[in-house]
Amino acid sequence: MSGGLSQLKVQTPDAWPNIFRQARFLSAVDFVQADRFRRKVAEEMARVFSQVDLLLVPSLRDEMLTITNFTGHPSLTLRAGFVEVTKARSDWAPDPSNPVPTFSSPRRVPHGVTLIGRLFDEGTLCRAGIALERTFAVADQRPPGF
């Protein structure tokens, strides 16, 4: 081995690049079990969507991404407004040797929400997204410098 793997970015145990690389080594039994679990998640989503048209969830949460990636439910992420932050945020596992930066004065950054819709019902999802975008009235706003 050349040792090149250790040179890749984000070398913390639960960083997504490492998780993706490890997934290549699943056994057939693990794959079948994961597919059984995927089926259970899809059945639960069908139950949920028998009672509602859409889900409004926090933007880009791992749990929601896992569900939509597992089941194929369409999702739409849109800007809902802005928040002031004094520290950068990383959804990836932070690298202890490179902490996220802090800002001397707060920065105004976009804040989003995600809609998840029924299978094969992207029209409802898009109509709701357009209505929310109009209500939030932030589509034409940009952070300074953009």
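Residues numbered from 1 in each chain as written. Predicted model: local features only at pLDDT ≥ 70, side-chain atom pairs only at ≥ 80, totals over all residues. Heavy atoms only, no water.

K.L.:
I'd like a rundown of the confidence of the model for the protein chain, residues and numbers included.
P.N.:
When pLDDT is averaged across the protein chain, the result is 82; 82% of the residues are at 70 or more. The secondary structure element of the protein chain with the lowest average pLDDT is helix α1 (residues 16–23), at 70, and the one with the highest is helix α4 (residues 122–136), at 94. (pLDDT = per-residue confidence, 0-100. Helix = DSSP H or I, 4+ residues; strand = E, 2+ residues; numbered from the N terminus.)

K.L.:
Please give an account of the pairing of strand β3 (residues 102–117) that cites residues and values.
P.N.:
In this sheet, β3 lies alongside strand β1 (residues 54–58) in antiparallel orientation, the contact comprising 5 bridges. Bridging from a neighbouring strand, L55 pairs with I116 of β3. Pairing between strand β2 (residues 75–87) and β3: 11 bridges, direction antiparallel. Bridge assignment links L78 to a residue of β3, and that residue is V113. (Pairing = 2+ DSSP bridges.)

K.L.:
So, unusual backbone geometry: which residues are in play, and what are the values?
P.N.:
At F120, a position not held by glycine, the phi torsion is positive, near 60°. With respect to the secondary-structure elements, F120 resides in the loop between β3 and α4. Positioned with a positive phi, A137 is a non-glycine residue whose angle comes to about 50°. With respect to the helices and strands, A137 occurs in the segment after α4.

K.L.:
Can you lay out the side chain of T71 for me, pointing to particular residues and giving the numbers?
P.N.:
Mapping T71 onto the fold places it in helix α3 (residues 62–71). The exposure class assigned to T71 is buried, which follows from its relative accessible area of 13%. Within the structure, T71 has its side chain in polar contact with the side chain of H73 (distance 2.6 Å). Contact partners of T71, with chain neighbours within four places excluded, come to V41, A42, M45 and L119. (Buried < 20%, exposed > 50% of the residue type's maximum accessible area, 1.4 Å probe, protein only. Polar contact = N/O pair within 3.5 Å; in protein donor to acceptor, adjacent residues only side chain to side chain. Contact = heavy atoms within 4.5 Å.)

K.L.:
Which residues make up the packing of aromatic side chains, and what are the values?
P.N.:
If you walk through the whole model with that rule in mind, you get 1 aromatic pair. Here the aromatic rings of F37 and F70 are separated by 6.1 Å at their centres, their planes lie at 70°, and the arrangement is edge-to-face. Here F37, found in helix α2 (residues 28–49), pairs with F70, found in helix α3; they are 33 residues apart in sequence, far enough to count as distant. The residue whose ring lies beneath R108 is F82, and the NZ or CZ to ring-centre distance is 3.8 Å. (Phe/Tyr/Trp six-rings, centres within 6.5 Å; stacked < 30°, edge-to-face > 60°. Lys NZ or Arg CZ within 6 Å of the ring centre and 35° of its normal.)

K.L.:
Before we move on, could you go through the packing of α2 against α3 and cite the residues and values that matter?
P.N.:
Running from N to C, α2 and α3 cross one another at 100°; their axes reach a closest spacing of 9 Å. By the angle class used here, α2 and α3 are roughly perpendicular. Judged by residue contacts, A34, F37, R38, V41, A42 and M45 of α2 engage I67, F70 and T71 from α3. Split by residue class, the contact of α2 with α3 holds 7 nonpolar, 1 polar and 1 charged. (Axes fitted to C-alpha atoms, helices over the stretch in contact; angles between N-to-C directions. Parallel < 35°, antiparallel > 145°, perpendicular 65-115°, else oblique. Nonpolar A, V, L, I, M, F, W, Y, C, P; charged D, E, K, R; others polar.)

K.L.:
Hey, could you go over the sheet that holds β1 for me, with residue numbers and the actual values?
P.N.:
Across the sheet, which stays open at both edges, the 3 strands sit in the order β1-β3-β2 with antiparallel pairing between neighbours. Bordering the open sheet on either side are β1 and β2, each of which pairs with just one other strand. Averaged over all pairs of adjacent strands, the angle between strand axes in this sheet comes to 20°, irrespective of strand direction. Relative to the sheet, α4 contacts β1, β2 and β3, its axis offset from that of β2 by approximately 35°.

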